[in-house]
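Each chain, written out:
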Amino acid sequence: MPGEIALVPFIESSFDPRAQSHRGAAGLWQFMPGTGDALGLVRNAHYDGRMDVVASTQAALDYIEMQADQWYEGDLKRSLAAYNAGAGTVNRAVRRSQAQGQPGDYWDLQLPRETMNYVPKLLAIARIIANPSAYDVTLPEIAATPAFAMVDLEQGVSLEELARRSGVDADTLSELNPGLLNGSLNPRYTRTLLMPGDSSEQMLAELGTSLNADNDKETTLASTSTPQTHRVEPGDNLSTIAQRYNISLRDIMRWNAIDRPEALRPGQLLTLSSS
């Protein structure tokens, strides 16, 4: 994926994972509820995957690349336009363009003004960042170090308890984990907690071990091994299945010849490996 894709959240949310629009879009990538649901981003009173930095970014990248491959022969410009306006709007514009003898490229399309400005805005920001002095822009220095570290947990934990055990300020943990709406992790919805990037590997390992060793929680431990197949149950979707078994959505789609994630059916047997 081109590096410019990393700038989409700048346009969508100014890189604010808690951003919410008056239309109901939320998170870095500003997913609407229906789109987030279709992509498997869990959303309830306890957790909103649209505000989870890792889960929403994985979903957005899969979504943009999937649309480019499915509809636009790998053309990311048209896929980004569809990300903004919807695939139906872009597909109709492509058909109109082709009916007029044009190839149907992004620059040939007649789309809503916001969408026609969307891709040029992204390209302009990328050019400025690549050569700020040419545009009399001074960019802040950003350290080339990880902003966060991930801990996979099989047991629930509150951010207050996590702060007590790790010594990391609870407000910092809340900022890193905006998808946890009630200040605690429930492994039924997500098993990944983000910690500060400068956390030591030893501390992260000890934290994960101590929390996962607690036996006073009623949460059922998730399996640490990946089975060969998964039987689809009501409420399952490809993204949650991929997250559960730590494999990519695109791999599941390829291994099972699935064209549309929303076409998943209860009872369907999915293979979870290429073999």
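So, here's what we can say about the structure. (Residues numbered from 1 in each chain as written. Predicted model: local features only at pLDDT ≥ 70, side-chain atom pairs only at ≥ 80, totals over all residues. Heavy atoms only, no water.)

**Quick look at the overall build of the protein chain**
Per the secondary structure count, the protein chain includes 11 helices and 6 strands. A compact globule built from 275 residues should have a C-alpha radius of gyration of about 19 Å, and the protein chain, at 21 Å, falls within 12% of that. Of the roughly 15,300 Å² of accessible surface on the protein chain, 49% is carried by carbon and sulfur atoms. Between the centroid of the 23 positive side chains of the protein chain and the centroid of its 34 negative side chains there is a distance of 9 Å. (Helix = DSSP H or I, 4+ residues; strand = E, 2+ residues; numbered from the N terminus. Rg over C-alpha atoms; globule rule 2.2 N^0.38 Å. Areas by Shrake-Rupley, 256 points an atom, 1.4 Å probe, with all protein chains shown as cover. Lys, Arg positive; Asp, Glu negative; His and termini not counted. Charge placed at Lys NZ, Arg CZ, Asp CG, Glu CD.)

**Let's talk about the packing of aromatic side chains**
On inspection of all chains with the given rule, the structure shows 5 aromatic pairs. Judged by centre distance (6.1 Å) and plane angle (35 degrees), the rings of Phe10 and Phe15 are tilted. These aromatic residues form a ring-pair network of at least three members: Phe31, Tyr63 and Tyr83. (Phe/Tyr/Trp six-rings, centres within 6.5 Å; stacked < 30°, edge-to-face > 60°.)

**Observations regarding the pairing of strand E1 (residues 148-152)**
Looking along a regular strand, one sees the side chains alternate between the two faces of the sheet. Where burial is concerned, the two faces of E1 differ: the one with Ala149 and Val151 is buried and the one with Phe148, Met150 and Asp152 is not. As defined by bridge partners, E1 adjoins strand E4 (residues 192-196) across 5 bridges and the pair is classed as antiparallel. Considered in E4, the bridge of Ala149 is made with Met195. (Buried < 20%, exposed > 50% of the residue type's maximum accessible area, 1.4 Å probe, protein only. Pairing = 2+ DSSP bridges.)

**Description of unusual backbone geometry**
One non-glycine residue, Ser14, lies in positive phi territory at about 55 degrees. Position of Ser14 among the secondary structure elements: in the loop between helix H1 (8-13) and helix H2 (33-38). Of note in the backbone geometry, Glu73 takes a positive phi value of approximately 50 degrees without being a glycine. Structurally, the position occupied by Glu73 is in the loop between helix H3 (53-71) and helix H4 (76-85).

**Overview of helix H10 (residues 238-245)**
For H10, the tally of buried residues reaches 6 of 8 residues, placing the bulk of the element in the interior. For H10, the full list of buried residues reads Leu238, Ser239, Thr240, Ile241, Ala242 and Tyr245. The secondary structure elements touched by the buried residues of H10 are strand E5 (229-231), helix H11 (249-255) and strand E6 (269-271). (Contact = heavy atoms within 4.5 Å.)

**Brief notes about the pattern of salt bridges**
Taken as a whole and assessed by the stated rule, the structure comprises 7 salt bridges. Arg78 is paired through a salt bridge with Asp75; the nearest N and O atoms lie 3.1 Å apart. Here Arg78 and Asp75 have matching classes, each one buried. Residues joined by salt bridges that share partners form a network here, namely Glu161, Arg164 and Arg165. (Salt bridge = Lys/Arg side-chain N within 4 Å of Asp/Glu carboxyl O.)

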